[in-house]
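Spelled out from the first residue to the last, the chains are:
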Amino acid sequence: MTSSRELAIAAARAAASKNARDILVLDVSELIVITDYFVIASGGSDRQVKTVAEEIERSVAGLGVKPVRREGESEGRWFLLDFVDFVAHVFRDQEREYYGLERLWRDAPVISWEPADEPGQASER
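Computed from a predicted model, the values in this text were never measured in an experiment.

For helix α2 (residues 46-61), with 16 residues, the first-to-last C-alpha span of 23 Å sits near the 22 Å given by 1.5 Å per residue. When α2 is considered as a whole, its buried residues turn out to be Gln48, Val49, Val52, Ala53, Glu55, Ile56, Glu57 and Val60. Buried residues along α2 sit in contact with α1 (4-17), β1 (21-27), β2 (37-43), β3 (69-71), β4 (78-82) and β5 (86-92).

This paragraph deals with unusual backbone geometry. The phi dihedral of Asp22 falls on the positive side, at around 50 degrees, and the residue is not glycine. Mapping Asp22 onto the fold places it in strand β1. The class of Asp22 is exposed, set by a relative accessible area of 54%. Even without being a glycine, Val84 presents a positive backbone phi close to 70 degrees.

Here five strands make up an open sheet; going across it, the order is β1-β2-β5-β4-β3 and the pairing mixed. The strands lining the two open edges of the sheet, one partner per strand, are β1 and β3. Direction aside, neighbouring strands of the sheet carry axes that sit 10 degrees apart on average. Summarising the sheet, β1 and β2 pair through five bridges and their orientation is antiparallel. Each bridged residue has a counterpart across the sheet, and for Leu24 the counterpart in β2 is Ile40. Its contacts with the sheet put α1 on β1, β2 and β5, and the angle it makes with β2 is roughly 5 degrees. Taken strand by strand, α2 contacts β1, β2, β3, β4 and β5, and its axis lies near 160 degrees from that of β5.

The rules behind the values
Residues numbered from 1 in each chain as written. Predicted model: local features only at pLDDT ≥ 70, side-chain atom pairs only at ≥ 80, totals over all residues. Heavy atoms only, no water. Helix = DSSP H or I, 4+ residues; strand = E, 2+ residues; numbered from the N terminus. Expected span 1.5 Å × (residues − 1). Buried < 20%, exposed > 50% of the residue type's maximum accessible area, 1.4 Å probe, protein only. Contact = heavy atoms within 4.5 Å. Pairing = 2+ DSSP bridges. Axes fitted to C-alpha atoms, helices over the stretch in contact; angles between N-to-C directions.

Remember that the coordinates give geometry; whether it matters functionally is a separate question.
Right, here's the structure in full:
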């Protein structure tokens, strides 16, 4: 079974594969009870935001997990994908600045990860 940390890192790598920017994985498990990790990423256009969100969903589905909730897709400027153990947030730059999740959760440890060297590679460094 894949851990919530591994799933969050897989989501970050999926976002990176679609050229998302400023990707963060935050461990919020000690701060809130509803999820363990937040994955936060930015896209430069509505289309890229949607593409990044779709790639996260596709990649994590390949690990046997689907989101229980999706929000924001009607506007395309931000997406929230709730996978229970982690939540992926994909924003346009202005929306990311407005919501300021990094400021709200500044006490959360940042999880170190690196993009996969090859497609499908899932090892941590």
